[in-house]
Amino acid sequence: MESNEYYSSILSAILFLVFTMHPGANAQGLVPALYVFGDSLVDVGNNNYLALSLLKADFPHNGIDYPGKKATGRFSNGFNFADFLAQNLGVPTAAPYLSLSPDSNNTDSYLAGVNFASGGAGIFNTTNLGQCISFDEQIDYFATLYAVLVEQLGTEKTIDHLARSIFALVIGSNELINYAKSDPADSASPEDFVGSLLATLQVQIKRIYNIGARRFVFIGSGPVGCCPGVRERNETKECNAVGNYVSNLYNTGVSSLLNKMQKSEDMSYSFFDTYNAVLQYIKQASTYGFSEVTEACCGLGDLNAKIGCLPVSTYCDKRNDHIFWDYYHPTEATSRLVTTTAFDGSAPLVYPININQLTTS
């Protein structure tokens, strides 16, 4: 391992310990808690508890750069966006909802923040049906959490706690990837497809708001057409134009949806344009510390993307050089970079305010 990668790994481990194990971390944080909804980009272990699901990452080589080289269920070589966001906010990484015992009083655990995200989840309930916790189910779990807090703390304290907390949403990529890989003859137009996604998403975000969320962080879709798992389907191995088009269209729609909601509701938000940010990483790789932008670090076959990151797969030695960990997911290095920009960045990639500014809005 190169010395800079060694020290980067050590630094990540130290930050993780400071922000997730220090008894005073939550009290010193910028917000009371972080609540996370979404898919595999922010799953920190919920799918480990789904006995029948095949969409898991609780095995090597996942977690090879995580403290103790532990595969935790994160679809990453180390930390993911949920971890880095928690670190930046100065709060513990939110525990997977399914790790919290339903037979005990979870008030303290719920107040520390909860991660509802599930690998494979999508906006539509039919996306990877039976293999994940759908977005609607995640919101149902949040409603259960709210009821427990009200019972233990009362309505006023619960509303105040949730209003001051951050709610991070990372959802939509699974449908966009499926669309990019589908037969155009059997698909709706990109505009109609994205329109149906946004119509459903609007109802879901409003549900989260109605339960008590007031500060939203939305991490938009990356350029899914450039994921190794979509690239390798092209003879040229170039980015899939359809996948990138619907990703950009989706981000534009989500941004507009949030803007309209802010004008009519008592809420604030920060949107991160992951699409254009990751395209910058790809086009100006050396500027951002990357040297491999097309091939997955862990996998098998063309671009290491025919087979995912399994124990039988090979993996690269220099993970920090790669944008992609496996055929769909970013490396820890990419997640760190995304989080740093989303937290302290500015327009046009972050708007109308960044996450740091959101904590005082």
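What you see is a predicted model, and the numbers here were worked out from it, not measured in a lab.

### Details of a nonpolar patch on the surface
Right, on to step 1. Taken together, Ile307, Leu310 and Val312 make up a surface patch of nonpolar side chains, about 250 Å² in accessible area.
Right, on to step 2. By the secondary structure assignment, Ile307 is in the loop between strand E7 (298–299) and strand E8 (314–315).
Right, on to step 3. Its relative accessible area of 35% is what places Ile307 among the partly exposed residues.

### Details of the packing of aromatic side chains
Right, on to step 1. Throughout the structure, instances matching the rule amount to 19 aromatic pairs.
Right, on to step 2. Judged by centre distance (6.3 Å) and plane angle (15°), the ring pair of Tyr97 and Tyr110 falls under stacked. Note that Tyr97 is positioned in the loop between strand E2 (95–96) and helix H4 (107–111) and Tyr110 in helix H4, a separation of 13 residues in sequence.
Right, on to step 3. The class of Tyr97 is buried, set by a relative accessible area of 11%.
Right, on to step 4. Judged by relative accessible area, which is 4%, Tyr110 ranks as buried.

### Here we look at the pairing of strand E5 (residues 215–219)
Right, on to step 1. Of all five residues that make up E5, five are buried, and the element is covered over most of its length.
Right, on to step 2. Of the two faces of E5, the one lined by Arg215, Val217 and Ile219 and the one lined by Phe216 and Phe218 are each fully buried.
Right, on to step 3. Judged from the five bridges that link them, E5 and strand E6 (residues 268–272) form a sheet pairing that is parallel. Bridged to Arg215 within E6 is Ser268.

### With respect to the nonpolar core
Right, on to step 1. Residues Phe37, Phe167, Ile208, Phe216, Phe218 and Tyr250 are the most contacted members of the largest nonpolar core, which totals 87 residues.
Right, on to step 2. When residues of this core are assigned to their parent elements, the largest contribution, nine residues, is made by helix H8 (residues 190–211).
Right, on to step 3. Residues Cys297, Cys298, Cys309 and Cys316 belong to the second largest nonpolar core, which totals six residues.

### What about the state of the cysteines?
Right, on to step 1. Within the structure shown, the criterion is met by three disulfides.
Right, on to step 2. Disulfide pairing places Cys297 opposite Cys316 at an S-S distance of 2.1 Å. Between Cys297 and Cys316, the S-S dihedral sits near -105°, and the bridge is therefore left-handed. Here Cys297 is found in the loop between helix H11 (274–283) and E7, whereas its partner Cys316 is found in the loop between E8 and helix H12 (332–344), with 19 residues between them in sequence.
Right, on to step 3. For Cys297, a relative accessible area of 1% puts it in the buried group.
Right, on to step 4. Shown here is the disulfide that connects Cys298 with Cys309, its sulfur atoms set 2.1 Å apart. Disulfide Cys298 to Cys309: torsion about the S-S bond roughly 75°, handedness right-handed. Of this pair, Cys298 sits in strand E7 while Cys309 sits in the loop between E7 and E8, and the two are eleven residues apart along the sequence.
Right, on to step 5. On the basis of relative accessibility, which here comes to 7%, the residue Cys309 falls in the buried class.
Right, on to step 6. Here the disulfide map of the chain reads 1-2, 3-6, 4-5, the bonded cysteines being numbered as they appear in the sequence.
Right, on to step 7. There is no disulfide at Cys132, and the cysteine sulfur nearest it, in Cys227, is 17 Å away.

Thresholds applied
- Residues numbered from 1 in each chain as written.
- Predicted model: local features only at pLDDT ≥ 70, side-chain atom pairs only at ≥ 80, totals over all residues.
- Heavy atoms only, no water.
- Patch = residues over 30% accessible without salt bridge, like charges linked within 9 Å, V, L, I, M, F, W, Y side chains within 5 Å.
- Areas by Shrake-Rupley, 256 points an atom, 1.4 Å probe, with all protein chains shown as cover.
- Salt bridge = Lys/Arg side-chain N within 4 Å of Asp/Glu carboxyl O.
- Helix = DSSP H or I, 4+ residues; strand = E, 2+ residues; numbered from the N terminus.
- Buried < 20%, exposed > 50% of the residue type's maximum accessible area, 1.4 Å probe, protein only.
- Phe/Tyr/Trp six-rings, centres within 6.5 Å; stacked < 30°, edge-to-face > 60°.
- Pairing = 2+ DSSP bridges.
- Core = buried A, V, L, I, M, F, W, Y, C linked by side-chain atoms within 4.5 Å.
- Disulfide = S-S within 2.5 Å.

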